[in-house]
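# Understanding the architecture of this molecule
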Amino acid sequence: MKKILNADVDHVVEEMLAGYLSAYKRYYKRIGEYNAFKYKGHRKDKVALVIGGGSGHEPLFSGYCGAGLADGVACGNICASPNPELIYETAKAVDQGKGVLFIYGCYAGDNLNFDMAEELCRADGMKTAHVRVWDDCASAPKERITDRRGIAGDVFVIKAAGAACDAGLAFDEVVRIAEKARDNINTIGLATSPGTLPGNDKPTFELPDDEVEFGMGLHGEPGIERTKLKPADELVGRMYAELKAEMNLKEGDEIAVLVNGLGSTPLLELNIVYYDLHRLMAADGLKVHDAEVKTYCTCMEMGGFSITVLKLDEELKQYYDAPCYSPYYAKGELTGAVSEPGDMEEEETEFAEADVKEAEIVRSKEGELAELNAADARNMLLYIADKIIAGKPYLTEIDSVIGDGDHGIGMAGGMQKAKKKLLRMEDETNAYAVFEAAGNAMLMSMGGASGVIFGSLFLAGAKGMKPKEVLTAADVAKMERMSLLAIQERGKAEVGDKTMVDALAPAVEAMEKTASGSLLNMLKAAEEAARQGMEDTKKYVAKFGRAKSLMERAIGHQDAGATSVWLIFQGMREFVEGR
């Protein structure tokens with residue numbers, strides 16, 4: 001797929017955001033050096049609204065910040081949630097002392113990272129709440145509504161919540177209005193062609209030219225049915241039937257409708273979709289209060305469209321109709337332009353920092369290591385980082401089969417940040433501090449579920465430990481047990497759920513059984529247990545992440561997170577063995 005990108009695709013988010021904020025500097029101001037920004041003209045003395053999620057879905061989320069909309073936006077990496085620090089800094093920049101409401105799509109990574117950000121905010125004395133949007137009715141049955149994904153319905157929830165904030169409602173009332181809007185919205189999508197993430201050679205999924213897929217997720221998550229391409233009225237009819245049944249729509253119901261292009265579908269076709277949809281709704285006696293036909297929520301150049309329906313009452317209409325403005329979404333007569341002294345002066349744009357230089361790996365002695373001093377621990381983590389970065393194409397290929405193909409990019413990016421931190425720690429004598437620094441760098445940079453989970457793999461077992469210059473096999477085993485407990489507490493995954501825990505849990509058990517022996521033999525046992533756990537994921541139905549919507553179709557494919565765990569233990573063994 002041809003893409004208009006610069007040679008170094010690792011910085012697409014930074015470059016995209018720098019361009020956006022330069023073009024619309026009359027409205028927005030960047031928050032420090034973070035991939036986040038705030039609306040300059042937001043009203044004072046009100047509840048603050050912060051939105052965010054992975055980049056690559058523009059104009060979601062960056063296009064819905066402005067007058068009567070969000071006050072700040074936290075932008076994650078491509079198809080990966082923003083990290084906790086980024087979200088926290090965004091909230092801190094817009095907090096008015098009346099509370100901060102977070103709105104984001106319901107995905108494992110977003111849920112984990114926003115939860116951790118809320119903990120940081122509350123520790124600072126901020127009142128917070130969140131509303132997770134789960135409008136994709138094809139992604140899980142109604143009885144598992146909290147497992148559903150957030151897609152184009154985010155737009156209507158942000159609209160209602162932004163109006164409630166600007167109306168000066170109390171914190172609890174703003175949350176209630178946002179939840180009420182969320183609970184009256186459903187969306188179903190249809191894909192005609194895939195998108196390709198920057199840095200990936202392959203698209204997020206494969207779909208023959210003569211087929212479409214109903215219920216396809218924004219990241220290429222498989223939908224509910226593939227069929228041959230049919231006339232627009234037949235496709236729309238099928239989707240409308242799903243929404244009508246899901247929402248129990250009946251004559252006299254008043255609704256707002258959003259027909260959304262997924263990236264490459266032209267407006268000509270989107271308007272034909274609404275033509276067919278309107279005829280069906282009119283025949284059923286539905287009252288269309290308002291309709292929008294445009295591109296609102298995308299996945300790169302993905303082809304297809306989604307239909308979102310918001311069921312209205314008089315209260316929701318009040319907030320839906322309230323004026324709002326951003327460069328990509330507007331109602332009423334607001335322009336939202338805000339001029340400040342010096343705004344029109346050109347500012348030098350700062351892009352992402354220079355790439356991490358290639359690490360020089362040094363061991364304290366030749367041959368097998370019996371223990372890890374701080375320098376060896378640091379060099380081992382550098383070796384692992386290089387191994388994961390080199391394995392990026394392999395991890396991407398695995399994740400593309402049952403996920404969205406971003407695991408390799410996320411892991412490689414997180415490891416680069418860890419390397420950058422580790423390269424500055426040559427004089428560190430506390431071995432635990434090396435693991436903690438690497439984990440914290442991954443946690444605060446990767447975003448997505450992987451950032452929280454794999455950051456915790458290094459961080460959780462080392463944080464708060466009494467400084468120690470040398471780690472024995474038993475110390476490493478204890479550290480990984482603590483990390484496993486923290487990961488399971490945060491993510492709730494168990495063995496058999498088709499996650500990285502399937503590799504990590506048996507590896508930790510193997511370490512504990514062999515910790516009285518040599519460090520190398522312990523790591524050999526852990527590596528083999530992780531490999532077997534990774535292989536076992538091929539037998540499981542996914543319970544977490546984007547693969548969970550596949551159900552039985554995920555059987556036969558290994559989990560990318562479990563694969564990364566195996567590679568990490570393999571790297572530990574290789575370093576200690578001296579290979």
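We now turn to the structure provided with this report.

The rules we used
Residues numbered from 1 in each chain as written. Predicted model: local features only at pLDDT ≥ 70, side-chain atom pairs only at ≥ 80, totals over all residues. Heavy atoms only, no water. Helix = DSSP H or I, 4+ residues; strand = E, 2+ residues; numbered from the N terminus. Rg over C-alpha atoms; globule rule 2.2 N^0.38 Å. Buried < 20%, exposed > 50% of the residue type's maximum accessible area, 1.4 Å probe, protein only. Contact = heavy atoms within 4.5 Å. Areas by Shrake-Rupley, 256 points an atom, 1.4 Å probe, with all protein chains shown as cover. Lys, Arg positive; Asp, Glu negative; His and termini not counted. Charge placed at Lys NZ, Arg CZ, Asp CG, Glu CD. Salt bridge = Lys/Arg side-chain N within 4 Å of Asp/Glu carboxyl O. Pairing = 2+ DSSP bridges. Axes fitted to C-alpha atoms, helices over the stretch in contact; angles between N-to-C directions. Right-handed = clockwise from strand over helix to strand, strands pointing away. Nonpolar A, V, L, I, M, F, W, Y, C, P; charged D, E, K, R; others polar.

### Comments concerning the overall build of the chain
- For the chain, the count of helices and strands is 17 helices and 16 strands.
- Here the C-alpha radius of gyration of the chain, 24 Å, is about what a compact globule of 579 residues would show, namely 25 Å.
- Counting only C-alpha atoms, the chain reaches 75 × 60 × 45 Å along its principal axes.
- Evaluated residue by residue, the chain yields a buried proportion of 58% over its 579 residues.
- Summarising the internal contacts of the chain: among those between residues at least 6 apart in sequence, 73% fall at separations of at least 24.
- Within the structure as shown, the chain displays about 23,200 Å² of accessible surface, and the carbon and sulfur contribution to it stands at 50%.
- Looking at the chain, you have 67 positive and 93 negative side-chain charges, and the mean spots of the two groups are 2 Å apart.

### As for the pattern of salt bridges
- With the rule as written, the count across this model stands at 41 salt bridges.
- The residue R182 makes a salt bridge to D183 at a minimum N-O spacing of 2.4 Å.
- Measuring nitrogen to oxygen at the nearest pair gives 3.1 Å for the salt bridge that ties D276 to R279. Taken together, the residues span about one helical turn, with D276 and R279 both in helix 7 (residues 267-283) at a distance of three residues.
- Three or more residues are tied together by salt bridges with common partners; here these are E173, R176, K180, D313 and E315.

### Brief notes about the sheet that holds strand 10 (residues 254-261)
- Strand order in the open sheet formed by six strands is 9-8-7-12-10-11, with mixed pairing between adjacent strands. Only two strands of the sheet have a single partner each, and these edge strands are strand 9 (225-228) and strand 11 (287-294). Averaged over all pairs of adjacent strands, the angle between their axes in this sheet comes to 15°, without regard to strand direction.
- Against the sheet, helix 6 (residues 232-247) engages strand 7 (185-193), strand 8 (211-214), strand 9 and strand 12 (303-311), with an angle of about 155° to strand 7.
- Along the sheet, helix 8 (residues 314-321) contacts strand 10, strand 11 and strand 12; its crossing angle with strand 11, the most-contacted strand, is approximately 35°.

### Overview of the pairing of strand 11
- One ladder, built from seven bridges, connects strand 10 with strand 11; its direction is parallel. Across the sheet, the residue bridging to I255 is V288, located in strand 11.
- Handedness of the strand 10-helix 7-strand 11 crossover: right-handed.

### So, the packing of helix 10 (residues 392-402) against helix 11 (residues 407-422)
- In contact at an axis separation of 7 Å, helix 10 and helix 11 are set at 145° when each is read in the N-to-C sense. Contacts from K392, L395, T396 and D399 of helix 10 reach helix 11 at H407, G408, I409, M411 and A412.
- Residue composition of the contact of helix 10 with helix 11, by class: four nonpolar, three polar and two charged.

### Some points on helix 10
- Within the sequence span of helix 10, burial applies to L395, T396, I398, D399, S400 and I402.
- Next to the buried residues of helix 10 lie helix 9 (374-390), helix 11 and helix 17 (560-577).

### Some remarks on the sheet that holds strand 1 (residues 28-30)
- Strand order in the open sheet formed by six strands is 1-2-4-3-5-6, and the pairing between neighbours is mixed. Two strands bound the open sheet, and with one partner strand each, they are strand 1 and strand 6 (128-133). Strand-to-strand, the axes of this sheet are offset by a mean angle of 25°, without reference to chain direction.
- Alignment of strand 5 (residues 100-105) against strand 6, held across six bridges, turns out to be parallel. Each bridged residue has a counterpart across the sheet, and for G105 the counterpart in strand 6 is V133.
- Strands strand 3 (48-55), strand 5 and strand 6 of the sheet are contacted by helix 4 (residues 153-166), whose axis makes an angle of about 170° with strand 5.

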